[in-house]
Amino acid sequence: MLSRPEHLHHFPTLTAIRPPRAALALAWMLGIGLVLAALILLTVPWVQTSAGTGRVIAPNPADRVQTITALVQGRVEHWYVEDGQRVRAGDPIARLADNDPFLLQRLGAEREQIEAEIAAAEQAVRVAESEVSQTREAADKGFVTRRNFEAAQIRVAERRVRLAEVRGKLNRLDVTANRQAAQLVRAPRDGRILHINAAAGATLVNAGDILATLAPHASTRVVELMVDGRDVALIRPGQPVRLAFEGWPAIQFSGWPSVAHGLFDGQVRMIDPSAQPNGLFRVLVEPAPGKIAWPDVAFIPLGAKVRGWIQMETVTVGYELWRVLNNFPLEFRRPGREGQEATR
């Protein structure tokens, strides 16, 4: 082999090569420097993090994407909005028209008839009640039997039942008339129209059919992160979180938060007690007080993807490498650490 001295005399050119002293010194300096740097880095503090991905959501259900449905049966006679249009609460979305254009007039005529039936039933009840009082006096004097008095009471009860039935019919008619009168569909909240069901304009729609989809303007936003179940037992409400929003330029160093750029601060708001169908746990993150505000909703809308790092304990780089190589969980919070941090 060439490395043996007795073989080098066969290669006089190789034997004659002598590297410069400066190159040898530089090589030794680089080698020793790399070894020292690696040893020093093993003792540098490192912030452990539990990473997760998720999206921006609205904590208030009324601020989430919702559908606008038809209140009555009919067909869409006119649209007042277009896809992507901004609307305010109460703005008209669509006007429905019933297949029978004279339905409301017919319902009004039917209501007048029922009101006449109610007046007749009330009169019948009053007559029956007067017969009961007359029969009671006659029975007390012995002019009629007790049975005649009881029959008069039965007639009063029957006529009161009839009056209740007619009044119930009037209530049902009023409900139908009110529903048919609600043919103008309005926006429930401020927001933007995402999608219009164009097919509804040419076909018959039933009550409850979707006419349009509305994305309300969310007053507050939170981030929904999906975290591995191995780390969720160590996460507590109030822990700091670093967030990188989709489409927002950022440089992330999870172990050294002070070096990262383009990230935003948050804190753990809530941890779900049970796992999702995919086996991950949902962690809600809210904006951290006193920190830089999150980007405006125009840049980070609801549903935007997010990557987050929940900050845990501070350890050395050497310990972190050893933990990762052994696939161990994150460091447990030491006893008394929470009380010390609370007093700071």
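Residues numbered from 1 in each chain as written. Predicted model: local features only at pLDDT ≥ 70, side-chain atom pairs only at ≥ 80, totals over all residues. Heavy atoms only, no water.

**Q** What's the story with the overall build of the chain in this structure? I'm lost.
**A** Along the backbone of the chain there are seven helices and 14 strands. The buried share among the 344 residues of the chain stands at 31%. Taking the intrachain contacts of the chain between residues at least 6 apart in sequence as the baseline, contacts between residues at least 24 apart amount to 76%. Counting only carbon and sulfur atoms, one obtains 58% of the accessible surface of the chain, whose full area is about 21700 Å². (Helix = DSSP H or I, 4+ residues; strand = E, 2+ residues; numbered from the N terminus. Buried < 20%, exposed > 50% of the residue type's maximum accessible area, 1.4 Å probe, protein only. Contact = heavy atoms within 4.5 Å. Areas by Shrake-Rupley, 256 points an atom, 1.4 Å probe, with all protein chains shown as cover.)

**Q** Is there a simple way to think about the sheet that holds strand S8 (residues 204-205) in this case?
**A** The strands that make up a sheet are held in pairs by hydrogen bonds between backbone atoms, and each pair lies either parallel or antiparallel. Ordered by their spatial adjacency, four strands build an open sheet running S6-S5-S3-S8, and the pairing between neighbours is antiparallel. Whereas interior strands pair on both sides, the edge strands pair on one side only; in this sheet they are strand S6 (184-186) and S8. Pairing analysis gives two bridges linking strand S3 (residues 74-79) to S8, with the strands arranged antiparallel. From the neighbouring strand, Arg 75 faces S8, where its bridge partner is Leu 204. (Pairing = 2+ DSSP bridges.)

**Q** What should I look at first to understand helix H6 (residues 317-326) in this one?
**A** Along an α-helix, residues three or four apart share an orientation, since each turn contains 3.6 residues. Residues Val 317, Gly 318, Glu 320 and Arg 323 constitute the buried set of H6. Buried residues along H6 sit against helix H2 (21-41), strand S1 (45-57), helix H5 (229-232) and strand S14 (305-316). At the exit of H6 stands Asn 327, carrying a positive phi of roughly 55°.

**Q** I'm lost on the sheet that holds S1 in this one. Help?
**A** On the basis of which strands lie adjacent, the closed barrel formed by six strands has the order S1-S10-S13-S12-S11-S14 and antiparallel pairing. Pairwise comparison of adjacent strand axes, ignoring direction, gives a mean angle of 45° for this sheet. With 10 bridges connecting them, S1 and S14 associate as antiparallel partners. Its bridge partner lying in S14, Trp 46 is registered against Val 315. Relative to the sheet, H6 contacts S1 and S14, its axis offset from that of S14 by approximately 115°. (Axes fitted to C-alpha atoms, helices over the stretch in contact; angles between N-to-C directions.)

**Q** Even after reading the chapter, I still don't get the pairing of S3, so can you show me in this structure?
**A** Looking along a regular strand, one sees the side chains alternate between the two faces of the sheet. Note that S3 and strand S5 (residues 92-97) share four bridges and pair antiparallel. Considered in S5, the bridge of Arg 75 is made with Ala 97.

**Q** What's the story with the environment of Val 317 in this structure? I'm lost.
**A** Mapped onto the elements of the fold, Val 317 is located in helix H6. Residue Val 317 is classed as buried on the basis of its relative accessible area of 14%. Note: C-alpha distance between Val 317 and Gly 255 (62 residues apart in sequence) is 8.7 Å. Residues in contact with Val 317, not counting those within four places in the same chain, are Leu 41, Leu 42, Val 44 and Trp 46.

**Q** Please clarify how the confidence of the model for the chain should be interpreted in this entry.
**A** One rule of thumb: low pLDDT means the predicted coordinates there are not for detailed reading. Taken residue by residue, the chain gives an average pLDDT of 79. The fraction at 70 or more is 81%. Between residues 338-344, whose pLDDT stays under 50, and residues either more than four places distant or in other chains, the model counts two contacts. (pLDDT = per-residue confidence, 0-100.)

**Q** Where do I start with the pattern of salt bridges in this structure?
**A** Two side chains of opposite charge can pair, provided their charged atoms sit close to one another. This model, assessed by the stated rule, comprises seven salt bridges. Asp 231 is paired through a salt bridge with Arg 230; the nearest N and O atoms lie 3.6 Å apart. For Asp 231, a relative accessible area of 7% corresponds to the buried category. Under the relative-accessibility criterion, Arg 230 is labelled partly exposed at 38%. Across the pair Arg 282 and Asp 272 runs a salt bridge whose closest N-O atoms are separated by 2.9 Å. Residue Arg 282 is found in strand S13 (residues 281-287), and its partner Asp 272 is found in the loop between strand S12 (264-271) and S13; the two are separated by 10 residues along the sequence. Judged by relative accessible area, which is 12%, Asp 272 ranks as buried. (Salt bridge = Lys/Arg side-chain N within 4 Å of Asp/Glu carboxyl O.)

**Q** What should I look at first to understand the nonpolar core in this one?
**A** Note on soluble globular proteins: their nonpolar side chains tend to be buried together. Ranked by size, the top nonpolar core spans 20 residues in total, and within it Val 223, Leu 243, Phe 245 and Ile 310 carry the most contacts. Taken together, the elements giving at least two residues each to this core come down to strand S10 (222-227), strand S11 (240-245), S12, S13 and S14. Val 223 has contacts with Arg 55, Val 56, Leu 243, Phe 245, Val 283, Leu 284, Val 285, Trp 294 and Val 306, leaving out every residue within four places of it along the chain. With 17 residues, the next largest nonpolar core counts Ala 70, Val 87, Ala 187 and Ile 193 among its residues. (Core = buried A, V, L, I, M, F, W, Y, C linked by side-chain atoms within 4.5 Å.)

**Q** Help me out: how do you make sense of the side chain of Arg 282 in this one?
**A** Only 3.1 Å separates the side chain of Arg 282 from the side chain of Glu 224, close enough to count as a polar contact. A polar contact of 2.9 Å, which involves the side chain of Arg 282, links it to the side chain of Asp 272. Those residues in contact with Arg 282 that lie beyond four places of it in its chain are Ile 57, Glu 224, Leu 225, Met 226, Met 270, Ile 271, Asp 272 and Gln 276. (Polar contact = N/O pair within 3.5 Å; in protein donor to acceptor, adjacent residues only side chain to side chain.)

**Q** What is the right way to look at the packing of aromatic side chains in this model?
**A** By convention here, two paired aromatic rings are described through the distance between centres and the angle between planes. Across all of its chains, the model carries six aromatic pairs by this definition. When the ring of Phe 245 is compared with that of Trp 294, the centres are 5.6 Å apart and the planes differ by 65°; the resulting orientation is edge-to-face. Taken as a pair, Phe 245 in strand S11 and Trp 294 in the loop between S13 and S14 lie far apart in primary sequence, 49 residues in all. Residue Phe 245 is classed as buried on the basis of its relative accessible area, which comes to 4%. (Phe/Tyr/Trp six-rings, centres within 6.5 Å; stacked < 30°, edge-to-face > 60°.)

**Q** Would you mind showing me how to read the pairing of S1 here?
**A** In the sheet, S1 pairs with S10 via six bridges, with the strands oriented antiparallel. Paired with Ile 57 across the two strands is Val 222, which belongs to S10.

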